[in-house]
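Chain by chain, the residues run as shown.
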Amino acid sequence: MRKGLLILLIGLSSNCFSQSRIDSASFLPHKDSIIVCLKNFYEEKTNAESYEYNYRQKYKWLKFLPTIGLNLLPLSPLVGISSSQLVNQVNINAQRKAKLLTIARTNSLAFQQDSISLNYDIANLWVKVAYYHFQLENLELYKNKFSIVVKSYKNNEITPTDFLDRQIQFNSFLAQTKITEMEIHTGKNSLLQRFRFCK
């Protein structure tokens, strides 16, 4: 029974983590390629939003054509042109340029913010992967240590209570290592989902 318990516990830990070592170079997204993609995305977004705004403003200038008045006096006809609409058109043009500049600066700021967020998230993933590799190395030591504990229990060298305490410690470390692995995969999937247009 106790020998079977050793085989079961050590076997479970091997099945859970023997294929789980993560290669950082291939696992983590390539930051530079995503940065280039982000830049292209926001440039296209700026162009699209500017085009849409210009299209909506396309024929509004017709409202600001100068009015022409014709006064036919008996001796000399009088033609009058109002310049108020021309002033309004100048203001509209200034507003249009300001709006286009706002669109460009807003998307530029969004690109910078996403770039900072990307750098932070990838750095965080690198740290988690490094810690996970450290846990995997320690896991081998924990398995060796626990196999000694099981043998001691089998030979009645430790009490059942001591054995259960050691088993809880071993299972706790297994769980912590598995949680780290899940956090890495969750972080990567979250990152790829946010920048899914860069796949």
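Residues numbered from 1 in each chain as written. Predicted model: local features only at pLDDT ≥ 70, side-chain atom pairs only at ≥ 80, totals over all residues. Heavy atoms only, no water.

1. A look at the overall build of the protein
Each helix and strand in the protein was counted, giving five helices and two strands. Written out in order from the N terminus, the α and β elements of the protein read α-α-α-β-β-α-α. Scored against the burial criterion, the 199 residues of the protein give a buried share of 29%. If you take every contact in the protein between residues at least 6 apart in sequence, the share linking residues at least 24 apart comes to 79%. For the protein, the accessible surface area stands at approximately 13700 Å², while carbon and sulfur atoms represent 59% of it. (Helix = DSSP H or I, 4+ residues; strand = E, 2+ residues; numbered from the N terminus. Buried < 20%, exposed > 50% of the residue type's maximum accessible area, 1.4 Å probe, protein only. Contact = heavy atoms within 4.5 Å. Areas by Shrake-Rupley, 256 points an atom, 1.4 Å probe, with all protein chains shown as cover.)

2. Quick notes on the nonpolar core
Core analysis: the largest hydrophobic core is formed by 22 residues, its most contacted members being L38, L118, F146, F163, L191 and F195. Of all the secondary structure elements, the ones that give two or more residues to this core are helix 3 (31-56), helix 4 (84-154) and helix 5 (160-194). In terms of residue count, helix 4 provides more of this core than any other element does, 12 residues in total. (Core = buried A, V, L, I, M, F, W, Y, C linked by side-chain atoms within 4.5 Å.)

3. Topic: unusual backbone geometry
For N156, which is not glycine, the phi torsion reads 60° and is therefore positive. One can find N156 in the loop between helix 4 and helix 5. Under the relative-accessibility criterion, N156 is labelled exposed at 60%.

4. Considering the environment of S190
Of note, S190 is situated in helix 5. For S190, a relative accessible area of 38% puts it in the partly exposed group. Residues S190 and D121, 69 residues apart in the sequence, show an inter-C-alpha distance of 9.6 Å.

5. Section: the packing of aromatic side chains
This structure, assessed with the given rule, holds eight aromatic pairs. Arranged with centres 5.1 Å apart and planes meeting at 80°, the rings of F41 and Y42 form a pair that is edge-to-face. Taken together, the ring pairs connect F146, Y153, F163 and F170 into an aromatic cluster. (Phe/Tyr/Trp six-rings, centres within 6.5 Å; stacked < 30°, edge-to-face > 60°.)

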